[in-house]
2 protein chains.
Amino acid sequence: MGTRRDVLGGIGAGVLAMLGGSTAQAAPKRKLGYAVVGLGYYATRQIMPNLKDCEFAELKALVSGTPAKLEKYGAEYGIPKSHWYDYQNYDRIRDNPDIDIVYVVLPNAMHAEYSIRASQAGKHVLCEKPMAVSVAECQAMIAAAKKAGKKLMIGYRCHFEPYNLKAIEAVKSGALGKPTLIFAEHGFYASPNQWRLDKALSGGGSMMDIGIYSLNAARYLSGEEPVEVSAMEVTDRSDPRFKTVEDRIDWQFRFPSGLIADCVSSYSSNHNHYRVTGRKGWVELEPATNYEGQEMWTRLDGKREQVVLPKPAKNQFVRQLDHLPECIMSGREPIVSGEEGLRDMRLIEAVYRAAREHRAITLA
Amino acid sequence: MGTRRDVLGGIGAGVLAMLGGSTAQAAPKRKLGYAVVGLGYYATRQIMPNLKDCEFAELKALVSGTPAKLEKYGAEYGIPKSHWYDYQNYDRIRDNPDIDIVYVVLPNAMHAEYSIRASQAGKHVLCEKPMAVSVAECQAMIAAAKKAGKKLMIGYRCHFEPYNLKAIEAVKSGALGKPTLIFAEHGFYASPNQWRLDKALSGGGSMMDIGIYSLNAARYLSGEEPVEVSAMEVTDRSDPRFKTVEDRIDWQFRFPSGLIADCVSSYSSNHNHYRVTGRKGWVELEPATNYEGQEMWTRLDGKREQVVLPKPAKNQFVRQLDHLPECIMSGREPIVSGEEGLRDMRLIEAVYRAAREHRAITLA
């Protein structure tokens, strides 16, 4: 156990393509400007610091309902007052040519409105996941971006994270043999009194917030779309955290190839882990989808080994933030488009329904 | 990672009680005699060699339909011809006072018949798991043993294995905090052309054979009985191995405490692993239920550590084989009685039904 040879046979072309910066033929001419909407923890601690390291992106505007935050981060990032917005004058971003992309980092229930208004203002949109709180909202967001002729991308950063890409490649390459099981578990203990626990803002509980990592991983690891889902929810409604949203919800996906994914979502325990098992062995990540610190293990031919990848030139945040400008300038679709967010939302609704109706739901 | 301190706080009284031999007040006077029925791989490679190391048990008779096996093992273990039986004269064990216990190690579909006939012959019975192939058969076995006034025990050897006992204790002690998830996976690649793949002999596929380890672990780790089950089966019926039995079947148990168990059973990939997660961390075994080589890991307060237990005086096989004689001589019920086997069989039938009907089954 524990040697650091890459038993999966070195980093493949697929991962390399994602790890690099621009490719010569699609090299953008300039950095595109981001407006960040919602100056909470994730925006200010993760997104904005990483924007500094981008090759094709820079922070150009701030949107917040809290004047003190605009003052603070405006000063810290050198954003002039002319590029500060609140939720009343938000639509005036239309008149600011420095803003190419609006990154919506608001509570889930506000994603649709602020993404659609950005599209209507003629801006490209990067929206955090979950894309919205219903399939109908996702469809409206896609329609608005299409009507504006602008791009819409969802913030699935794991699609830009080397260990996750390596795991995808391990499955695809056949190194594991025919896959039979994906087990994916995500959760954390949600502290009381936060917007996540208010359905009006979050649209749902652990599933919307952290379970979506298990769900999306099941799809990107399998490379398939599920055809059946069954689910089980457990929520202690006497716990003051769970007046409006669910705590635990676990589900099973059946994929066309015969692969089953067993997925976990929790607001009462810590989980950040997945394992894909095939006839020849397995690959696992733990932590799997954290901001950093991924660890990868394989068992092939009965031998357990750790896989360590070289540190990439750009971390997952930088790569994600650079991806949308690259797509805009090269005319390509983002690898995690609005359609990707819509697919997850359809499945989230199906998981909820399967749990509520205590029966398997067949997916179209 | 990887230090060997026992973070679970030393081996507890519960485990110690199981690890030891007899206790003074219940010390048996003599070794009881076993007849082993069915001289296949498990009987001849695991049970019979371990009987030599028993404190309260010894091999006294052999039952097989293959004369060459009786010759071979009769010579090897010094069992006289007078103590050899076949399936025709099997009931004559009644007249052999050297046989106290009949250990049924036949294909699953023969468990009920040969256990009941042993009870009717006035013998105590140890029967391999699964106890039988239906709830009705299990009930008949229990009734036969009761009528004979003899004991009936099922071969759940993990209940005698130190790491499994330690995991049970870790959950019970509260070391993990309130448990939220049990994930238990068991499977192996079943080679073609064996009795396991013939439903007439096995009663079912991976679930009956190896999935039962996930199922029983979910019960002994939680210390609870499930109240709801949902399940999903995937079997490639074009695979010649699966003309009559299932390949993959995964299920979810809901327990009264709110704990969910996600369980895996496979005849197409190797799995031998479980993890119990609570609010404070987790405990896992991999391999979990093998004949030997268990490895135990915990993560408590974010710190991952290996737990290594002292080598027990008796291995799980010896302890199991000694347990029934101890119970007989002290008048106690075996910790894994016929009732335990019946509970599992009820759940197996519910798992099959949930998968077949694509809906959750509420358990009485």
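Our subject is the structure listed above.
Throughout what follows, the structure given in this document is the object of discussion.

About the cut-offs
Residues numbered from 1 in each chain as written. Chains lettered and ligands numbered in written order. Predicted model: local features only at pLDDT ≥ 70, side-chain atom pairs only at ≥ 80, totals over all residues. Heavy atoms only, no water. Helix = DSSP H or I, 4+ residues; strand = E, 2+ residues; numbered from the N terminus. Buried < 20%, exposed > 50% of the residue type's maximum accessible area, 1.4 Å probe, protein only. Contact = heavy atoms within 4.5 Å. Buried area = accessible area lost by both parts, 1.4 Å probe. Salt bridge = Lys/Arg side-chain N within 4 Å of Asp/Glu carboxyl O. Polar contact = N/O pair within 3.5 Å; in protein donor to acceptor, adjacent residues only side chain to side chain. Least-squares fit on C-alpha atoms with pLDDT ≥ 70 in both. Pairing = 2+ DSSP bridges.

Okay, the environment of L126 of chain B next. Residues and elements named next belong to chain B. Residue position: L126 is located in strand β5 (residues 124-127). Residue classification places L126 among the buried residues on the basis of a relative accessible area of 0%. As for L126 and V105, which are separated by 21 residues in sequence, their C-alpha atoms are 8.9 Å apart. Residues within four places of L126 in sequence aside, it is in contact with Y34, I101, V102, Y103, V104, M153, I154, G155, L321 and L324.

Listed by partner, the interface residues are 42 residues for chain B and 42 residues for chain A. Note on chain B versus chain A: buried area summed over both sides is about 3500 Å², and carbon and sulfur give 54% of it. By the criterion of area lost to chain A, the three top residues of chain B are M232, Q252 and R279 of chain B, representing 18% of everything that side buries. There are 6 salt bridges connecting chain B and chain A. The salt bridge involving R275 of chain A is made with E185 of chain B; its shortest N-O contact spans 3.4 Å. Seen at the junction of chain B and chain A, the total is 18 residue pairs in polar contact (both at pLDDT 80 or more). Put simply, the parts of the chain that give the side of chain B that touches chain A at least two residues each are β7 (179-187), β8 (228-234), β9 (248-254), β10 (260-266), β11 (271-278) and β13 (296-300) of chain B. With 7 residues, the single largest contributor to the side of chain B that touches chain A is β8 of chain B.

Let us look at the relation of the copies chain B and chain A. Of the two same-sequence chains, chain B is brought onto chain A (RMSD 0.0 Å, axial shift 0.0 Å) by a rotation of 180°. Such a turn and shift between the copies fits a two-fold axis. Proximity to the rotation axis, assessed at the C-alpha, singles out R359 of chain B in chain B; its C-alpha lies 1.9 Å from the axis. Here 100% of the interface residues in chain B have copies in chain A that are interface residues too; the copies meet face to matching face.

Below, the discussion takes up the sheet that holds strand β3 (residues 84-85) of chain B. Residues and elements named next belong to chain B. With parallel pairing, the 6 strands of this open sheet are ordered in space as β3-β2-β1-β4-β5-β6. Where the open sheet ends on each side, the last strands, each with one partner, are β3 and β6 (152-154). Two elements, strand β4 (residues 101-104) and β5, share 4 bridges in a ladder whose sense is parallel. Bridge pairing in β5 links I101 to H124.

A word on the pattern of salt bridges. One side chain can pair with another of opposite charge once the charged atoms of both are near each other. Taken as a whole and assessed by the stated rule, the structure comprises 50 salt bridges over all chains. Here R237 of chain A makes a salt bridge to E233 of chain A, at a shortest N to O gap of 3.5 Å. A residue is classified by how much of its surface remains accessible, and E233 of chain A, at 26% relative accessible area, is partly exposed. Two residues, K303 of chain B and E305 of chain B, come together in a salt bridge whose shortest N-O distance is 3.2 Å. Within this structure, E185 and E286 of chain A together with R275, E284, R299 and R304 of chain B form a network of salt bridges that share partners.

The next point concerns the side chain of R254 of chain A. Looking at the element boundaries, R254 of chain A is found in strand β9 (residues 248-254). Polar contacts involving the side chain of R254 of chain A include one to the main-chain carbonyl oxygen of E233 of chain B, which spans 2.7 Å.

Right, let's get into unusual backbone geometry. Residues and elements named next belong to chain A. That bond from K129 to P130 is cis: its omega, -5°, falls within 30 degrees of zero. Position of P130 relative to the elements: it lies in the loop between β5 (124-127) and α5 (135-148). Cis peptide bonds are those with omega within 30 degrees of zero, and the linkage from E286 to P287 qualifies with -5°. Tracing the backbone shows P287 in the loop between β12 (281-285) and β13 (296-300).

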